[in-house]
Amino acid sequence: MELIDLYLALFLSFFKIGLFGFGGGYAMLPLIQREVVNLHGWLSINDFTDIVAISQATPGPIAFNSATYVGYTAVAGMGYSPGYAVLGSAICTLSVSIPSFILMTIVTVSFFRLKNNPWMRASLSVLKPAIIGLIASAALMLMNGHNFVDYKSWIIFAVVFVASFKKVDPILLIVLAGIAGFFLYYPF
Amino acid sequence: MSGIKHCWELFLLFFKIGAFTFGGGYAMIPIIRTEVVHKKGWLIDDEFMDMLALAQSMPGPIALNTAVFVGRKRMGFKGSLSTAAGIILPSFIVILLIAMVFTQFKDNPVVESVFKGIRPAVVALIAAPLLGLGKSAGVKRSTLWIPVAVALSVWLLKVSPVIIVLVAILLGILHFVYLKRITGKRDGTD
């Protein structure tokens, strides 16, 4: 694929993610996964899960993190030099931000008209519960043979699920799961 | 001159928030609130909460939406550019460095085993808050079918989330129009 076509495809994908990514955070995951894993194959499902993990342990929203990461790896993965890959990162990060920027500018300018607008509230009445479903689908789509390699994966899942429910810090849980992974899976 | 100073102040504040808030956009909200409402006094708390409700109704990362609102409100277009750049740059720099390094260590057996442990944990971290989120989104027994139908259609039928969003907005509006027609009331969001 020509570099310019790749840049264009990245731009369009992340613009779409920015425009339709309602609910922020995990609610954007099914859309990001569909674009970068299923449709374009820029990342494997394992890479994608790893980005989610890296996002938990690094600053910033997951949409930016995946945009920056995908922009770099997609271009570098096609054999282009790091300079072009950095440009890919910048394109993805900008394009995922543009819809937010424009829409929030409109929101700020017409704040008082939108605040109690019944049509606005009506548009959100079904969307809000739907966003919960999108987050659930993110979890379901990641419960696959790539991320759950054996019964030990399910034990880690169950322990972290309960701990997270009890409000244990997610970064701590990721670090502990990583240590557990090392002892359970490293071929000593 | 003071305009540039204000923009620089906005940029620095959101850069700081972007750099030191781990765990995604939602973790940033209380910190933005403390800085913008309590420390700087740029917005009153009511304004901030109303803004948050709107920022959450718009697509895109909530931290960015909030940043754009605060910047725009304070210094117009230049202000929103400053806050957006501030909130975006820290994660851009960090993830770029990780992408450059991580891609070379991915197949290292130590890294591979560590991530085998982390992957199921990530899925648990996504799944665990669902109940609480459902409650705060106002999901009741009568509306429980909505998230269930969405989750199943995206997961099993591979329906695009774009379609889900468009259909959900359309259904919300149709429901509203229907209620308005049968009751004549203006408020029919429930």
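Residues numbered from 1 in each chain as written. Chains lettered and ligands numbered in written order. Predicted model: local features only at pLDDT ≥ 70, side-chain atom pairs only at ≥ 80, totals over all residues. Heavy atoms only, no water.

Colleague: Honestly, the overall build of chain A in this entry has me stumped. Any pointers?
Modeller: Looking only at helices and strands, chain A has 9 helices and 0 strands in total. Summarising its shape, the C-alpha atoms of chain A cover approximately 60 × 45 × 25 Å along the three principal directions. Considering only contacts in chain A between residues 6 or more positions apart, those separated by 24 or more positions represent 62%. Of the accessible surface of chain A, which amounts to about 7,600 Å², a share of 70% is contributed by carbon and sulfur atoms. (Helix = DSSP H or I, 4+ residues; strand = E, 2+ residues; numbered from the N terminus. Contact = heavy atoms within 4.5 Å. Areas by Shrake-Rupley, 256 points an atom, 1.4 Å probe, with all protein chains shown as cover.)

Colleague: Explain the packing of aromatic side chains to me, please; I cannot follow it from the model alone.
Modeller: Given two aromatic rings, their pairing is described by the distance between the two centres and the angle made by the two planes. All names here are of chain A. Under the criterion given, the structure shown has 18 aromatic pairs over all chains. Look at Trp 154 and Phe 157: their rings are 5.8 Å apart centre to centre, the planes differ by 70°, and that puts the pair in the edge-to-face class. Note that Trp 154 and Phe 157 are positioned in helix H8 (residues 151-165) at a spacing of 3 residues, about one turn of the helix. Here the aromatic rings of Phe 157 and Phe 161 are separated by 5.9 Å at their centres, their planes lie at 35°, and the arrangement is tilted. Of the two residues, Phe 157 and Phe 161 both sit in helix H8, 4 residues apart, roughly one turn of that helix. Among the aromatic residues, ring-to-ring pairing joins Phe 148, Trp 154, Phe 157, Phe 161 and Phe 165 into one connected group. (Phe/Tyr/Trp six-rings, centres within 6.5 Å; stacked < 30°, edge-to-face > 60°.)

Colleague: Can you walk me through the packing of helix H5 (residues 82-109) of chain A against helix H4 (residues 62-105) of chain B in this structure?
Modeller: Angle between the axes and distance between the axes are the two parameters that describe a pair of packed helices. One way to put it is that H5 of chain A packs onto H4 of chain B with a least axis distance of 10 Å and a crossing angle of 155°. As summarised for this structure, H5 of chain A and H4 of chain B are arranged roughly antiparallel, according to the angle between their axes. For the pair H5 of chain A and H4 of chain B, the crossing hand works out as right-handed. (Axes fitted to C-alpha atoms, helices over the stretch in contact; angles between N-to-C directions. Parallel < 35°, antiparallel > 145°, perpendicular 65-115°, else oblique. Left-handed = near helix turned anticlockwise from the far one by under 90°.)

Colleague: Just to check I follow, could you spell out the pattern of salt bridges for this structure?
Modeller: A pair can form between side chains of opposite charge whenever their charged atoms are brought close. Applying the stated criterion across every chain, the model contains 10 salt bridges over all chains. Residue Lys 16 of chain A pairs with Glu 35 of chain A through a salt bridge whose shortest N-O separation is 2.9 Å. Of the two residues, Lys 16 of chain A sits in helix H1 (residues 3-20) while Glu 35 of chain A sits in helix H2 (residues 29-39), which places them 19 residues apart along the sequence. Residue class for Glu 35 of chain A comes out buried when judged on its relative accessible area of 3%. Residues participating in the shared-partner salt-bridge network are Asp 50 of chain A together with Glu 112 and Arg 119 of chain B. (Salt bridge = Lys/Arg side-chain N within 4 Å of Asp/Glu carboxyl O. Buried < 20%, exposed > 50% of the residue type's maximum accessible area, 1.4 Å probe, protein only.)

Colleague: What should I look at first to understand the interface of chain A and chain B in this one?
Modeller: In many analyses, interface size is given as the accessible surface area lost on bringing the parts together. Of the residues lining the interface, 96 residues belong to chain A; the matching set on chain B comes to 94 residues. When chain A packs against chain B, the two sides together hide about 8,700 Å² of surface, and 80% of this comes from carbon and sulfur. Ranking the residues of chain A by area buried against chain B places Pro 59, Phe 101 and Met 104 of chain A at the top, with a combined share of 8%. Our count for the chain A to chain B interface comes out at 2 salt bridges. When the shortest N-O distance is used, the salt bridge between Arg 119 of chain B and Asp 50 of chain A registers 2.7 Å. There are 7 residue pairs in polar contact (both at pLDDT 80 or more) connecting chain A and chain B. Ranked by residue count, the leading element in the side of chain A that touches chain B is helix H7 (residues 118-142) of chain A, at 24 residues. Tallied by class, residues from the side of chain A that touches chain B come to 61 nonpolar, 28 polar and 7 charged. (Buried area = accessible area lost by both parts, 1.4 Å probe. Polar contact = N/O pair within 3.5 Å; in protein donor to acceptor, adjacent residues only side chain to side chain. Nonpolar A, V, L, I, M, F, W, Y, C, P; charged D, E, K, R; others polar.)

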